[in-house]
Amino acid sequence: MPVRLVRPLITALGVGLLALAAGRARAQTPRVLTPAPAVAAAPASPRRLDDFLLVARQNSPLLRETDNQVRQNRIDSLVRARQNGVQVSGIGSALYYPSITNSKGESVVGYDNAVTNGGNYAAIAQATKPILNRFQLQNDYQILANQGQVLRNTGRLTGLDVRRSITDQFLNAYAAESQLKFSRTLLNQLRLQDEQLRKLVNAGIFKQTQYLSFYLSVRTQEVTVEQNRLAYRRELGTLRALAGVADTALIALETPTPPAHRPLAGLLAPSQRQYTLDSLRLLLDRRAVDAAYRPKVSAVLDAGLQSSSYLPIALARSVGIGGGLQVAVPVFDGHQRQLQYQRLALSEQSRRGYRQFITVQRRQQYEQLEGLIRAADALLARIREQVRVADALVGAARQQLATGDVAILDYLNLVTSYRTLQFSLTQAETDRLRSRFALDYLAEQ
């Protein structure tokens, strides 16, 4: 073909490549990243469970990392769109191949001039654009979209784990605080009784040895209050450490509200959706294997200078332009395609096994928690009734103690029994709340 026809044809090819790249980029480039929505400000010294959960979500590095990974996934989609556009690169080389000849003009040392031309001096700008790769491109975008869904689902699971750990520790701190409140109330009552008993001892109604037993019980209760205060401070500090709260004040927590009873979530639950997304990813991986064995076609356009001489005249006459198509067709790779299919099939078997196991496990745990809640309700009713009776007995014995109609040791035995029942009530209420929150977590997980 004459040169005057080749150059316009190559120029038209380059213009077409640029127009095709611009249109494809506008059609397939994902949207530009938008800033994250603003979240509510967290209280500096939270007291409620919801406030601790809000602070923990805002301070959790795991949730922040997951959010950043989602943003990175969006950037990966932008990168893939740019990779499908026109890629321009510069190529430069300055190579000299010396040759030593004898007196007869024959080459003694040096490459064959027919191969090297004595040198190679080039400065070329090359533009390439993949074409006829719609199947590969769509599959890559679907893989990136699947990765984004997996990351968002992982973020939901991480958020649920943060909620569970904060809730469990909040219940531990709340139980310790409840025990501290009861110990303080009991200590105040014993101190009031101590003043009354001193008057009765001075009046000769009780012996000094009997009063010493009561005095020892008051001192023991004071130690119990201090131990309960230290336990509450420790549990509250652990709760604040988990939530990332920089506070050391000993505050009172608000009573948590039990969550409503919810049915067990199905396939839309994050733990179940994880395996659905894994199934989709395995399907996309199989399509990626198929795409790797399709012919790859790229349009190439280059312009610059290339010469075998470094002389300015030779370089000035060696400016040109070129273009064409590059085609890569896989022929034989030792049947790796079938091996990759087998590998994906084994991954699918593992996925099905995990999904079946977790489905049965979640159902069993849900029914077990429902049974524990029913048993806790029955146990709480019995303990509350016993506490009511013990409280009435202690109140009656307190009145009789003021008149000397009941022995001090008998009164102390009633107080000890009442303290034990109150501790059992606190533990039972905490266990019931823990089961209710665990059921709510499992229902959403």
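Reading the values: rules and limits
- Residues numbered from 1 in each chain as written.
- Predicted model: local features only at pLDDT ≥ 70, side-chain atom pairs only at ≥ 80, totals over all residues.
- Heavy atoms only, no water.
- Helix = DSSP H or I, 4+ residues; strand = E, 2+ residues; numbered from the N terminus.
- Buried < 20%, exposed > 50% of the residue type's maximum accessible area, 1.4 Å probe, protein only.
- Contact = heavy atoms within 4.5 Å.
- Areas by Shrake-Rupley, 256 points an atom, 1.4 Å probe, with all protein chains shown as cover.
- Phe/Tyr/Trp six-rings, centres within 6.5 Å; stacked < 30°, edge-to-face > 60°.
- Lys NZ or Arg CZ within 6 Å of the ring centre and 35° of its normal.
- Pairing = 2+ DSSP bridges.
- Axes fitted to C-alpha atoms, helices over the stretch in contact; angles between N-to-C directions.
- Parallel < 35°, antiparallel > 145°, perpendicular 65-115°, else oblique.
- Nonpolar A, V, L, I, M, F, W, Y, C, P; charged D, E, K, R; others polar.
- Core = buried A, V, L, I, M, F, W, Y, C linked by side-chain atoms within 4.5 Å.

Engineer: Honestly, the overall build of the protein chain in this entry has me stumped. Any pointers?
Structural biologist: A tally of helices and strands in the protein chain yields ten helices and six strands. The proportion of buried residues among the 445 residues of the protein chain is 33%. Pairs at least 24 apart in sequence give 82% of the contacts found in the protein chain among residues at least 6 apart. Entry remark: accessible area of the protein chain is about 26,700 Å², with carbon and sulfur atoms responsible for 57%.

Engineer: Help me understand unusual backbone geometry in this model?
Structural biologist: With glycine set apart, most residues show a phi of negative sign, and most peptide bonds adopt trans. Unusually for a residue other than glycine, leucine 132 sits at a positive phi of about 55°. With respect to the element layout, leucine 132 can be found in the loop between strand S4 (119-131) and helix H5 (134-202). Non-glycine residue histidine 335 carries a positive phi angle of around 60°. Of note, histidine 335 is situated in the loop between strand S6 (319-328) and helix H9 (336-403). Residue classification places histidine 335 among the exposed positions, given a relative accessible area of 56%.

Engineer: Help me out: how do you make sense of the packing of aromatic side chains in this one?
Structural biologist: In total, this model carries four aromatic pairs according to the counting rule given. Lying across the ring of tyrosine 215, arginine 219 places its NZ or CZ 4.4 Å from the centre. Its guanidinium or amino end placed over the ring of phenylalanine 135, arginine 294 lies 3.9 Å from that ring's centre, counting from NZ or CZ.

Engineer: Can you help me understand the pairing of S4 in this one?
Structural biologist: Strand residues, when the strand is regular, have side chains that alternate between the two faces of the sheet. Two strands pair when backbone bridges link them, and strand S1 (residues 87-96) and S4 are joined in this way by ten bridges, in the antiparallel orientation. Residue glycine 90 lies in a different strand from S4, and its bridge partner there is alanine 125.

Engineer: Explanation requested: the packing of helix H7 (residues 270-292) against H9 in the structure shown.
Structural biologist: When two helices pack together, you describe them by how their axes are tilted relative to each other and by the distance separating the axes. At a minimum axis separation of 10 Å, H7 and H9 run at an interaxial angle of 175°. Comparing the axis directions of H7 and H9 gives the class roughly antiparallel. Of the residues in H9, those in contact with Ser271, Gln272, Tyr275, Thr276, Asp278, Ser279, Leu282, Asp285, Arg286, Val289 and Asp290 of H7 are Arg337, Gln340, Tyr341, Leu344, Ser347, Glu348, Arg351, Tyr354, Arg355, Ile358, Thr359 and Arg362. When the residues that make up the contact of H7 with H9 are grouped by side-chain class, the tally is seven nonpolar, seven polar and nine charged.

Engineer: Explain the sheet that holds S1 to me, please; I cannot follow it from the model alone.
Structural biologist: Spatially, the four strands line up as an open sheet ordered S1-S4-S5-S6, and their pairing is antiparallel. Only two strands of the sheet have a single partner each, and these edge strands are S1 and S6. The average angle at which neighbouring strand axes cross in this sheet is 20°, direction not considered. As paired strands, strand S5 (residues 296-307) and S6 are joined by ten bridges and run antiparallel to one another. Considered in S6, the bridge of alanine 299 is made with leucine 325.

Engineer: Teacher, can you tell me more about the nonpolar core here?
Structural biologist: A general feature of soluble globular proteins is that nonpolar side chains tend to end up buried together. In this structure, Phe52, Ile166, Leu197, Phe214 and Tyr411 are the most contacted members of the largest nonpolar core, which totals 50 residues. Here the element with the most residues in this core is H5; it accounts for 15 residues. Discounting residues that sit within four places of it in the chain, phenylalanine 52 has contacts with Pro46, Arg47, Ile166, Phe170, Leu239, Arg240, Ala243, Val245 and Leu253. Ranked by size, the runner-up nonpolar core spans seven residues in total, among them Tyr366, Ile373, Leu442 and Ala443.

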